[in-house]
Amino acid sequence: MTDAPPHGFRALTGMRDVLAPESSRRRVLVGQFADVVEAAAYQELVLPLVEDLGVFLRVGEATDVVTKEMYDFVDKDGSRIALRPEMTAGAVRAFVQHSPVLPWKVWYSGSNFRHERPQKGRYRSFDQVGVEVLGVDDPDLDVEVIALGWRFFERLGLRDVRLLVNSLGEHADRARYSEAVRSHLESRRGDLSEKALETLGRNPLRVLDSKRPEDRAVVADAPRVADHLSDESAAHFARVLAGLDALRIPYTVEDRLVRGLDYYRRTTFEYVADSLDSAQNAIGGGGRYDRLAEDLGGPPTDGIGFALGVDRTLLACDAEGVFPAPARALDAFVVDLVGGDAARDLTHALRAAGLSADRRFGAGSMKAQMKAADRSGARFALLVGSDELDAGEVTVRDLREGGEQRRVARDHLIDDLRTHL
Ligand code: AMP
């Protein structure tokens, strides 16, 4: 057994504990996301945290997420498995496994794991909420999906969010474009960063994502994807943009937006929070994909989805001063001066009636119990002394409005509290 270090174990690098009230804030955030997408007929999909390594390798062997950052290991039976670095691959694996009726509209939330260099807004364990739709090629679906993410950010109260959209075209378009970018970058090798040269060998389009100043200059005059789209892809994209216009969702066409994962085609998009540092300002992104269902052993199926980063979205909320952590809402705190039976029984009865209640454990003085009641954030303190006990009553003290108090018969207590809450 490993001995505990002198100051106890700590969470691993890049992994964090989330304590209250931040933990409640996350739960509310996921609840709001669920409201937005369930109102559009998306159903929740709960996925395993680990999958066969092969599921993620299909996502793209040319991406950092897969080549460098995956938490993969050999299971006890010798099979190679991995902690999920994202959820699309798992969702499509589930689609192939269950062959649901089309279109399949799902949403999910949960943690993902990537062995990245941790910094503010970039962690090794981070949460996402997202949607995926399988089985629809209609560009109006792209509009629906993009609009859902937009509505969610609006609902949180974020204002400083920009939507970037692009189209990568079909595979053939993308392959031709990738070649054009490769030859442009090759011709400017001398001006590129070390990192960009390394990426160029694996996936030239990823260099377009580089944030390094020396690369930006080379990228600025790289060929444009818009010049490499087939007529069909161009028409699809035009319909997407027309839809965003119709819904009055502002956007910027960003033709350098290629996104990290390999399986994207046609529409790609990203939500950027301008209140965050530019290195970590992508709060979500997504796009259309194909081949993924086939690669995972299913029939050829169109797909589109997005994933929004919960951690970064909350940082953006902090930066804009919106979506505060919910205040602690406790209905009642029982102060028992008669030995503990009242605290034990009243809290139980209140909770059974759907009210929230707490108490202090251990025989505390009236002062200690009142202090705990104040700290609990409860609306009412319910005092039971020998006087109240004899009379079958409880003293209800309003902890918010100047300590006003009244005596209430024990039998009417719950009704009384309900009318005053
Ligand atoms: P991706 O799956 O890379 O497209 O990421 C989708 C979103 O997840 C990003 O826009 C971020 O908001 C968030 N995200 C990705 N990687 C991390 C990370 N290491 N730490 C925190 N958030 C992340």
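Residues numbered from 1 in each chain as written. Predicted model: local features only at pLDDT ≥ 70, side-chain atom pairs only at ≥ 80, totals over all residues. Heavy atoms only, no water.

(A) Seen up close, the environment of Asp-416. Position of Asp-416 relative to the elements: it lies in helix α16 (residues 413-420). Accessibility expressed as a relative area gives 15% for Asp-416, which makes it buried. Taking the C-alpha atoms as reference points, Asp-416 and Glu-232, separated by 184 residues in sequence, lie 67 Å from one another. Discounting chain neighbours no more than four positions away, the residues touching Asp-416 are Arg-406 and Val-408. (Helix = DSSP H or I, 4+ residues; strand = E, 2+ residues; numbered from the N terminus. Buried < 20%, exposed > 50% of the residue type's maximum accessible area, 1.4 Å probe, protein only. Contact = heavy atoms within 4.5 Å.)

(B) How the structure looks around helix α4 (residues 88-98). A large share of α4 lies buried, amounting to nine of its eleven residues. Buried residues in α4 make contact with β2 (50-52), α2 (53-57), β5 (104-113), β6 (125-134), β10 (282-289) and α11 (292-295). Directly beyond the C-terminal end of α4, a positive phi value near 40° is found at Ser-99.

(C) Focus on a positive patch on the surface. Among the surface-exposed residues, Arg-360, Lys-367, Lys-371 and Arg-375 lie close enough to one another that they form a single positively charged patch. Topologically, Arg-375 is positioned in helix α14 (residues 366-376). The class for Arg-375 is exposed, based on a relative accessible area of 62%. (Patch = residues over 30% accessible without salt bridge, like charges linked within 9 Å, V, L, I, M, F, W, Y side chains within 5 Å. Areas by Shrake-Rupley, 256 points an atom, 1.4 Å probe, with all protein chains shown as cover. Salt bridge = Lys/Arg side-chain N within 4 Å of Asp/Glu carboxyl O. Lys, Arg positive; Asp, Glu negative; His and termini not counted. Charge placed at Lys NZ, Arg CZ, Asp CG, Glu CD.)

(D) Region of interest: the sheet that holds strand β7 (residues 161-167). The strand order β1-β5-β6-β11-β10-β9-β7-β8 describes an open sheet built from eight strands, whose pairing is mixed. Of all strands in the sheet, those bounded by a partner on one side alone are β1 (43-44) and β8 (252-253). As judged from the ten bridges shared by β5 and β6, these two strands associate in the antiparallel manner. Looking at the pairing, Tyr-108 lines up with Gly-130 of β6. (Pairing = 2+ DSSP bridges.)

(E) A look at the domain arrangement of the protein. Domain boundaries in the protein define domain 1 (22-170 + 230-320) and domain 2 (332-420). Between the C-alpha centres of domain 1 and domain 2 there is a distance of 48 Å. (Domains from an automatic or database assignment.)

(F) Layout of the pattern of salt bridges. If you walk through the whole model with that rule in mind, you get 35 salt bridges. Note that Asp-416 is salt-bridged to Arg-406, the shortest N-O span being 2.6 Å. Note that Asp-416 is positioned in helix α16 and Arg-406 in strand β16 (residues 405-409), a separation of ten residues in sequence. Members of the salt-bridge network, linked through shared partners, are Asp-137, Asp-142, Glu-170, Glu-232, Arg-265, Arg-266, Arg-288, Asp-290 and Asp-302.

(G) Quick look at the pairing of β5. Summarising burial for β5: eight of the ten residues are buried, a large majority. Judged from the two bridges that link them, β1 and β5 form a sheet pairing that is parallel. The residue bridging Gln-43 from the neighbouring strand is Val-106, located in β5.

(H) Layout of unusual backbone geometry. Pro-21 follows Ala-20 through a cis peptide bond whose omega is 5°. Mapped onto the elements of the fold, Pro-21 is located in the segment before α1 (22-38). Cis peptide bonds are those with omega within 30 degrees of zero, and the linkage from Leu-102 to Pro-103 qualifies with -10°. Look at Ala-41: it is not a glycine, yet its phi comes out positive at around 70°. Classification of Ala-41 as exposed rests on a relative accessible area of 51%. Backbone geometry at Phe-323 places phi at a positive 50°, although glycine is not the residue there. Along the chain, Phe-323 falls in the loop between α12 (310-320) and β12 (330-336).

(I) Layout of the nonpolar core. The biggest cluster of nonpolar side chains holds 47 residues, and the ones touching the most others in it are Tyr-42 and Tyr-271. Among the elements of the structure, α1, β6, α5 (139-156), β7, α10 (231-246), β9 (264-273), β11 (303-309) and α12 are those that each provide at least two residues to this core. In terms of residue count, α5 provides more of this core than any other element does, ten residues in total. When neighbours within four sequence positions are excluded, Tyr-42 is seen to be in contact with Val-37, Lys-105, Val-106, Trp-107, Val-131, Glu-132, Val-133, Leu-141, Glu-144, Val-145 and Leu-148. If you look at the next biggest cluster of nonpolar residues, it comprises 43 residues, including Phe-56, Tyr-108, Leu-185 and Ala-222. (Core = buried A, V, L, I, M, F, W, Y, C linked by side-chain atoms within 4.5 Å.)

(J) Region of the structure containing the packing of α1 against α5. It is the contact of α1 with α5, at a shortest axis distance of 10 Å, that shows an interaxial angle of 135°. By the criterion of interaxial angle, the relationship of α1 to α5 is oblique. The crossing of α1 and α5 is right-handed. Side by side, α1 and α5 meet where Leu-29, Gln-32, Phe-33, Asp-35, Val-36 and Val-37 of the first sit next to Leu-148, Arg-151, Phe-152, Arg-155 and Leu-156 of the second. For the contact of α1 with α5, the class distribution of residues is seven nonpolar, one polar and three charged. (Axes fitted to C-alpha atoms, helices over the stretch in contact; angles between N-to-C directions. Parallel < 35°, antiparallel > 145°, perpendicular 65-115°, else oblique. Left-handed = near helix turned anticlockwise from the far one by under 90°. Nonpolar A, V, L, I, M, F, W, Y, C, P; charged D, E, K, R; others polar.)

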